[in-house]
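# Chains, contacts and geometry: an overview
Residue-level listing of the chains:
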Amino acid sequence: MRGAMIYAPGDVRFETVDDAKILKPTDAVIRTAVTCVCGSDLWPYRGAEPIGDPHPMGHEYVGFVEEAGSEVTGLTPGQFVVGSFATSDNTCANCKNGFQANCLHREFMSTCQAEYVRIPNAQGTLVALDETPDESLWPGLLALSDVMGTGWWAADAAEVRPGSTAVVVGDGAVGLSGVIAAKEMGAERIIAMSRHESRQKLALEFGATDIVTERGEEGIARIKEMTGGIGADSVLECVGTAQAMQQALYSARPGGNVGFVGVPHDVSVDGQELFFSHVGLRGGPAPVRRYLPDLIDRVLTGRIDPGKVFDLTLPLEQVAEGYKAMDERLAIKTLLTP
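This is a predicted model, so every value here is computed, not measured.

The next point concerns the overall build of the protein. Along the protein, the regular secondary structure elements total twelve helices and 16 strands. Its C-alpha atoms give the protein a radius of gyration of 19 Å, within 12% of the compact-globule value 20 Å for 338 residues. If one aligns the C-alpha atoms of the protein with their principal axes, the spans along those axes are about 60 × 40 × 40 Å. Considering the protein as a whole, with its 338 residues, one finds that 54% of them fall into the buried category.

Tallying each qualifying case throughout the model produces seven aromatic pairs. Where Phe 85 meets Phe 108, the ring centres are 6.3 Å apart and the plane angle is 5 degrees; that geometry is what we call stacked. Remark: Phe 108 occurs in the loop between α2 (93-96) and β7 (116-119) and Phe 85 occurs in the loop between β6 (80-82) and α2; sequence separation between them is 23 residues. Ring pairs connect the aromatic residues Phe 64, Phe 80 and Trp 138, which therefore count as one cluster. Positioned above the aromatic ring of Tyr 7, the side-chain terminus of Arg 13 is 3.7 Å from the ring centre. The lysine or arginine in question, Arg 290, covers the ring of Phe 99, its NZ or CZ lying 5.1 Å from the ring centre.

Here we take up the nonpolar core. Judged by nonpolar contacts, the single largest core of 58 residues is most densely connected at Phe 80, Val 82, Leu 141, Leu 144, Met 148 and Leu 236. The contact partners of Leu 236, leaving out residues within four places of it in the chain, are Gly 151, Ala 154, Ala 155, Ala 158, Val 160, Ala 166, Val 167, Val 168, Val 169, Gly 178 and Gly 259. Within the second largest apolar cluster, 17 residues are counted, among which are Ile 191, Val 212, Met 245 and Leu 249.

Let's shift gears to unusual backbone geometry. Glycine aside, a negative phi is what most residues show, and trans is what most peptide bonds show. Although it is not a glycine, Asn 90 sits at a positive phi angle of roughly 65 degrees. One can find Asn 90 in the loop between β6 and α2. Located in the positive-phi region is Asn 121, a residue other than glycine, with phi close to 50 degrees. Following the sequence through the fold, Asn 121 ends up in the loop between β7 and α3 (122-125).

The strand order across the open sheet formed by six strands is β11-β10-β9-β12-β13-β14, and the pairing between neighbours is parallel. Strands with a single pairing partner mark the edges of an open sheet, and in this sheet they are β11 (210-212) and β14 (280-283). The sheet shows a mean angle of 20 degrees between the axes of neighbouring strands, taken without regard to direction. Looking at chain direction, strand β13 (residues 252-260) and β14 are connected through four bridges and run parallel. Note on β14: the bridge partner recorded for Phe 260 is Gly 283.

A few words on the packing of helix α6 (residues 173-184) against helix α7 (residues 197-206). Two elements in contact, α6 and α7, have axes whose closest approach is 8 Å; the angle formed by their N-to-C orientations is 20 degrees. Comparing their axes, α7 and α6 come out roughly parallel. Here α6 runs over α7; the crossing is right-handed. Facing α6, whose interface residues are Leu 176, Val 179, Ile 180 and Lys 183, α7 presents Arg 199, Leu 202, Ala 203 and Phe 206. In the contact of α6 with α7, the residues fall into six nonpolar, no polar and two charged.

Following the criterion strictly, the structure yields 21 salt bridges and no others. Here Arg 118 makes a salt bridge to Asp 27, at a shortest N to O gap of 2.7 Å. In this pair, Arg 118 sits in strand β7 while Asp 27 sits in the loop between β2 (11-16) and β3 (28-36), placing the two residues 91 residues apart along the sequence. Per residue, the accessibility class of Arg 118 equals that of Asp 27, and both read buried. A salt bridge links Arg 253 to Asp 233; the shortest N-O distance between them is 2.6 Å. Placement of Arg 253 in strand β13 and of Asp 233 in strand β12 (residues 232-237) is noted, with a sequence separation of 20 residues between them. Judged by relative accessible area, Arg 253 falls into the partly exposed class, the value being 27%. Residues participating in the shared-partner salt-bridge network are Glu 184, Asp 294, Arg 298 and Arg 303.

Every α-helix carries 3.6 residues per turn, so stepping three or four residues along brings you back to the same face. Every buried residue of helix α8 (residues 216-226) is accounted for by Gly 216, Gly 219, Ile 220, Ile 223 and Met 226. All buried residues of α8 project into a common sector of 130 degrees when viewed along the axis, lining one side. Set apart from the buried face of α8 by more than 90 degrees, the exposed residues are Glu 217, Glu 218 and Glu 225. The inward-facing, buried residues of α8 abut β9 (165-169), β10 (189-193), β11 and α9 (242-251).

Parameters and conventions
- Residues numbered from 1 in each chain as written.
- Predicted model: local features only at pLDDT ≥ 70, side-chain atom pairs only at ≥ 80, totals over all residues.
- Heavy atoms only, no water.
- Helix = DSSP H or I, 4+ residues; strand = E, 2+ residues; numbered from the N terminus.
- Rg over C-alpha atoms; globule rule 2.2 N^0.38 Å.
- Buried < 20%, exposed > 50% of the residue type's maximum accessible area, 1.4 Å probe, protein only.
- Phe/Tyr/Trp six-rings, centres within 6.5 Å; stacked < 30°, edge-to-face > 60°.
- Lys NZ or Arg CZ within 6 Å of the ring centre and 35° of its normal.
- Core = buried A, V, L, I, M, F, W, Y, C linked by side-chain atoms within 4.5 Å.
- Contact = heavy atoms within 4.5 Å.
- Pairing = 2+ DSSP bridges.
- Axes fitted to C-alpha atoms, helices over the stretch in contact; angles between N-to-C directions.
- Parallel < 35°, antiparallel > 145°, perpendicular 65-115°, else oblique.
- Left-handed = near helix turned anticlockwise from the far one by under 90°.
- Nonpolar A, V, L, I, M, F, W, Y, C, P; charged D, E, K, R; others polar.
- Salt bridge = Lys/Arg side-chain N within 4 Å of Asp/Glu carboxyl O.
- Arc of directions from axis to C-beta.

Limitation: the analysis is restricted to geometry and does not speak to function.
The structure is reproduced here in structure tokens:
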């Protein structure tokens with residue numbers, strides 16, 4: 001089969017790779033319906049994370065079951081499935097507590113920009129739909145495997161409540177999904193921090209009520225000005241940089257909450273400042289599996305359409321162009337079709 005491999009910063013290739021196959025009786029193999037490039041894939045692409053030996057890329061997927069291991073029940077060939085970027089048995093104590101991304105048998109997906117994908121912990125990870133959805137819904141369902149689930153987790157962790165004010169730091173696919181989540185959770189005011197016109201328009205379409213273009217200290221001051229000098233009830237940090245984290249923490253009111261879901265890079269938190277701020281801080285890899293049944297229903301019924309974050313569609317064989325477009329901020333998120 002063919003799939004994406006990263007060799008060095010800026011060097012992604014589409015080539016023949018080892019076939020996806022059952023390695024454990026709890027595995028399944030799916031044929032990819034659509035996959036994509038994630039903003040977090042850009043960290044190694046830009047040289048901000050070590051690459052080491054050439055290796056496969058991609059952790060977002062929807063597809064059709066090709067084969068299921070001997071211990072997998074409830075999945076049959078041909079079913080359309082949605083899964084999480086973090087696999088889970090969905091039975092361990094952490095899973096039962098709703099933190100499937102910290103499953104005791106967790107594996108992070110990393111081979112999904114390919115024609116076929118092996119899914120570990122398949123029975124607990126994959127959600128099968130009753131029937132194959134219309135292809136127009138595939139992008140929205142694909143978004144659930146990471147960015148929409150992660151945006152939802154950001155809002156959940158930040159404790160967005162009906163009537164509240166939420167700030168979203170970051171205008172990538174996760175941040176835009178966070179706007180959707182805050183809207184669905186009933187936030188009355190949603191302030192999206194963005195400097196890019198196309199992303200601002202999509203944020204407003206998704207439910208943002210205000211746009212703030214300032215960053216850093218200026219951005220914090222603007223949020224304070226807009227909230228009576230106090231700060232927001234909930235702040236969603238969807239970037240992972242030191243500046244974004246600082247901006248999030250200082251934009252929250254005393255007693256407010258920050259949900260941080262951007263993979264941290266060179267981020268540190270001053271314990272003394274956090275202590276006296278009375279700001280709650282929670283984040284980490286999103287427990288996507290917890291949210292999948294609800295989010296799938298919202299997509300299938302047309303209540304939300306997170307698939308709009310895909311503003312570039314390319315054949316899978318042009319995956320390198322998809323990375324380049326996102327790196328140069330010519331695209332929010334690239335959809336890849338096998």
